[in-house]
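The chain contents come next:
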Amino acid sequence: MSFVIRCLDCGHAAPFTPNSMQCPKCNSQWREAEYDLNEVNKTFPSELANRAFDLWRYRELLPIHNPNPTLRLGEGGTPLIQAANLGNMLGLPNLYIKDERQGPTSSFKDRQAAVTIATLKEAGITEMVAASTGNVAIAYSAYAARAGIKLWAFVTSLVPGVKMREIALYGSQVVKITGSYDQAKKIAAEFALQRGLYQDMGARTITAVEAMKTIAFEIAEQFTQLNGGAKDSKWKTPDWYIQAVSGGMGPLGVYKGFLELKKLGLIDRIPAIVPIQADGCSPMVDGWRKGLAKAEPVLSPSTRIETLATGDPGRTYTMLRQRVIETNGVFESVSDEDAFRAMHVLAKLEGISAEPAAGVAFAGLFKLVRSGVIKPSDSVVVNCTGHTLPAEQFLFGDNWTRDVNLSEQFAQADTPQEGLLAALNNVTPSRFPRVAVVDDSGEARRLIRRILQSQGDFEIFEAVDGRDAINLINKEHPDIVILDLMMPEMDGFAVLDVLRGNPKTANIPVIVATAKELTVNEKSRLQGQIQSLMQKGDFLNDEFLQEVRALIG
Ligand SMILES: *Cc1c(COP(=O)(O)O)cnc(C)c1O
Ligand SMILES: [Zn+2]
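What follows concerns the overall build of the chain. In terms of helices and strands, the chain carries 19 helices and 19 strands. The globule rule puts the C-alpha radius of gyration for 553 residues at 24 Å, and the 26 Å found for the chain is close to it. Seen along its three principal axes, the alpha-carbon backbone of the chain occupies a region of about 85 × 60 × 50 Å. Counting contacts in the chain only where the partners sit at least 6 residues apart, residues at least 24 apart contribute 70% of the total. Accessible surface, the chain as shown: approximately 22800 Å² in total, 49% of it carbon and sulfur. Once the 58 positive and 64 negative side-chain charges of the chain are each reduced to a mean point, those two points are 4 Å apart.

A few words now on the coordination of the zinc ion (ligand 2). At 2.3 to 2.4 Å from the zinc ion (ligand 2) lie its protein donor atoms, namely Cys7 (SG), Cys10 (SG), Cys23 (SG) and Cys26 (SG). Relative to the metal, the four donor atoms surrounding the zinc ion (ligand 2) lie at angles of 104 to 113°, and the coordination shape comes out tetrahedral.

Another aspect to go through is the site of ligand 1. Close contacts around ligand 1 come from 18 residues, with Lys109, Ser246, Gly248, Gly250 and Thr385 the closest. One of the side-chain nitrogen or oxygen atoms of Asn135 is found 2.7 Å away from an oxygen atom of ligand 1. Gly248 places a polar main-chain atom, nitrogen or oxygen, 2.7 Å from an oxygen atom of ligand 1. Elements represented by at least two residues in the shell around ligand 1 include exactly strand E10 (240-244) and helix H8 (249-263). Broken down by element, the shell around ligand 1 gets its largest block of residues, three residues, from H8. Within the shell around ligand 1, the residues separate by chemical class into seven nonpolar, nine polar and two charged.

Within the element layout of this structure, Glu75 appears in the loop between helix H1 (37-43) and strand E4 (80-82). Here Glu75 is buried and forms no salt bridge, its nearest opposite-charge partner Arg72 lying at an N-O distance of 4.8 Å. In terms of polar contacts, Glu75 uses its side chain to reach the backbone amide nitrogen of Leu73, at 2.8 Å. Here the side chain of Glu75 touches Tyr143 through a polar contact of 2.7 Å, side chain to side chain. Apart from the residues within four sequence positions on either side, Glu75 is in contact with Asp54, Leu55, Trp56, Pro104, Asp110, Ala114 and Tyr143.

To continue, consider the sheet that holds E10. Spatial strand order, E4-E5-E13-E10-E11-E12: six strands in an open sheet with mixed pairing. Each edge of the open sheet is held by one strand with a lone partner, namely E4 and strand E12 (332-334). Direction aside, neighbouring strands of the sheet carry axes that sit 25° apart on average. Relative to strand E13 (residues 380-384), strand E5 (residues 95-99) runs parallel, the two sharing five bridges. Bridge pairing in E13 places Asp99 opposite Cys384. Sitting on the sheet, helix H11 (residues 336-350) is in contact with E4, E5, strand E11 (272-278), E12 and E13, with an inclination near 85° to E12.

Next up on the list: the nonpolar core. In this structure, Phe44, Leu61, Trp235, Phe258 and Leu261 are the most contacted members of the largest nonpolar core, which totals 49 residues. Elements that contribute at least two residues to this core include exactly strand E1 (3-7), strand E3 (31-35), H1, helix H7 (206-226), H8, helix H9 (283-290) and helix H10 (315-326). In terms of residues, this core owes the most to one element, H7, which gives ten residues. Those residues in contact with Phe44 that sit more than four places away from it in its chain are Arg57, Tyr58, Glu60, Leu61, Trp235, Leu261, Leu264 and Leu266.

With the exception of glycine, the majority of residues adopt a negative phi angle, and the majority of peptide bonds are in the trans configuration. Look at the link from Phe44 to Pro45: it is a cis peptide, with omega at 10°. Inspection of the secondary structure puts Pro45 in the loop between H1 and E4. Even without being glycine, Asn27 reaches a positive phi, approximately 70°. Of note, Asn27 is situated in the loop between strand E2 (13-14) and E3. The partly exposed category is assigned to Asn27, whose relative accessible area is 47%. Of note, the phi angle at Ser233 is positive, near 50°, even though the residue is not glycine. By the secondary structure assignment, Ser233 is in the loop between H7 and E10. In this structure Ser233 comes out as exposed when scored by relative accessible area, which is 61%.

Each regular strand displays side chains that alternate between the two surfaces of the sheet. The buried fraction of E5 is high, at five of five residues. Side-chain alternation along E5 places Leu95, Ile97 and Asp99 on one buried face and Tyr96 and Lys98 on a second face that is also buried. Sheet analysis places E4 next to E5, joined by three bridges and oriented antiparallel. Directly across from Ile81, in E5, lies its bridge partner Ile97.

What follows concerns the environment of Gly148. Residue placement: Gly148 occurs in the loop between helix H4 (135-147) and strand E7 (150-156). Using a relative accessible area of 15% as the deciding quantity, one classes Gly148 as buried. As a C-alpha pair, Gly148 and Gly229 span 81 residues in sequence and 42 Å in three-dimensional space. With residues up to four places along the chain from it excluded, the contact list for Gly148 reads Thr126, Arg450 and Gln453.

Summed over the entire model, instances satisfying the criterion amount to twelve aromatic pairs. With a centroid separation of 6.5 Å and an interplanar angle of 65°, the aromatic rings of Phe44 and Trp235 are classed as edge-to-face. Residue Phe44 is located in the loop between H1 and E4, and its partner Trp235 is located in the loop between H7 and E10; the two are separated by 191 residues in the primary sequence. In this structure Trp235 comes out as buried when scored by relative accessible area, which is 14%. Taken together, the ring pairs in this structure connect Phe44, Tyr58, Phe217 and Trp235 into an aromatic cluster.

The next subject is helix H5 (residues 161-169). An α-helical turn contains 3.6 residues, so a residue and the one three or four places further along point in the same direction. Every buried residue of H5 is listed here: Lys163, Met164, Arg165, Glu166, Ile167 and Ala168. Against the buried residues of H5 lie H4, E7, strand E8 (173-178) and strand E14 (401-405). Phi turns positive, to about 90°, at Gly171, one or two residues after H5.

Quick notes on the rules
Residues numbered from 1 in each chain as written. Chains lettered and ligands numbered in written order. Predicted model: local features only at pLDDT ≥ 70, side-chain atom pairs only at ≥ 80, totals over all residues. Heavy atoms only, no water. Helix = DSSP H or I, 4+ residues; strand = E, 2+ residues; numbered from the N terminus. Rg over C-alpha atoms; globule rule 2.2 N^0.38 Å. Contact = heavy atoms within 4.5 Å. Areas by Shrake-Rupley, 256 points an atom, 1.4 Å probe, with all protein chains shown as cover. Lys, Arg positive; Asp, Glu negative; His and termini not counted. Charge placed at Lys NZ, Arg CZ, Asp CG, Glu CD. Donors = N, O, S within 2.8 Å, 3.2 Å for Na, K, Ca; no water. Tetrahedral: all angles 85-135°; square planar, octahedral: opposite > 155°, others 65-115°. Near = heavy atom within 4 Å. Polar contact = N/O pair within 3.5 Å; in protein donor to acceptor, adjacent residues only side chain to side chain. Nonpolar A, V, L, I, M, F, W, Y, C, P; charged D, E, K, R; others polar. Buried < 20%, exposed > 50% of the residue type's maximum accessible area, 1.4 Å probe, protein only. Salt bridge = Lys/Arg side-chain N within 4 Å of Asp/Glu carboxyl O. Pairing = 2+ DSSP bridges. Axes fitted to C-alpha atoms, helices over the stretch in contact; angles between N-to-C directions. Core = buried A, V, L, I, M, F, W, Y, C linked by side-chain atoms within 4.5 Å. Phe/Tyr/Trp six-rings, centres within 6.5 Å; stacked < 30°, edge-to-face > 60°.

What follows is the structure, encoded as structure tokens:
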């Protein structure tokens, strides 16, 4: 497929590199994927009939070259369900629910994680940071686990324990911030910057917005099918798209998806976009009501629906407002109680148990029908955004999160920036144990990295052969070396001789990892030279990690 990344501020077009997060010309972080639609038209939509109903069926319109099939968990392709009972109650016969609970981790964030992790994997990235009100981190954790990418998840202490455990279950590091979600985002950004790590940036993450487009593509295909099929090769669209919003990335992507279908000539009309917020954190709705193009941040969100607690939507609101105006949509807000009631009604009438955040969208629907904004003859799709599953409470011992209390840090600091940095020092020690992994097999190196990363915090360096290992070890001074013996040219025995012969490296502990039975002669060569000998198959048990820890501890 052919596409460029277009800067929304200066118009500069650049190729897509997932780990460069700003415009190379003006440094703006607001950019968008732009596809060569003539090129897309050659295979899309004609090829769709031959493809599975999942997110990757729209690959011409996704920013990835070779999606890796081994990372997939069945993302996208969720059903569009006609809600006859609820429609009956509301006097709205054309009511549909896009059931995003049916994604791999039960929220629509699976799309964002699937596409983003696929591009990161393609770019060789092995560690990343995400701030989350829960579901983003859960979705990223699942895909990161599959891809062997280590995830640092910054969540606020208000995120329900069940969600935090779910994040930890996948082996991600949970950093619990006692503070607002906006503060957690700032800390995560600083942490990522200091350590040079890839960071999810919400609506500024190109892959995230692109992933959300697939909701629009699916709705258009499914709505067409449920309403008599395509006519004159045109797809049909509903009148309204309703979604509960926090940062607003979902509707931004959904709009872009419909817009691309329109540019391709597949649809005539983009549905009216309706973002719904919780009353206790509704900066977009407040801005909308006051006629402001820029939202005033809510500094202390007061909703129990933590998933929707973005107090400062920044530019996303400004962009979303334009889309809402253009499509004749509307912003609306509802109380927590209304959302809980709507959840209950949805479950009782339609057999769909959703989480409170999704309840917000349904409460918004009820309000707009009651006030006459949505008419009985209108067709409506509500995004049932999620219902994440709880992980077993007794799965973990204590201390599986890192806790940072911002109010304490800020009370002691002179400036907010100082408070932030002081807080960050609590997240991690400034230095992690440094591990050099020497193995000529990429697969073996990845396995060791994955085992280490899932169990703790290590700074990991890789060398692909003996000579590379010597250079690396002299340069990085690791605390420990994990060394393969059988490598072409300079093997592990030779590496050991060089290391032990140099006073600077003579005392670095070495764990030898070997795939084969050693001869008596080989064993005697290692005698006194190494700290531990491991069969490669033994890596998966705790012994390996205990050994590593003991040697660096
Ligand atoms: C993230 C999330 C939302 C809000 O989505 P945005 O489009 O990013 O504002 C709504 N519901 C659920 C279940 C979510 O996880
Ligand atoms: Zn630019």
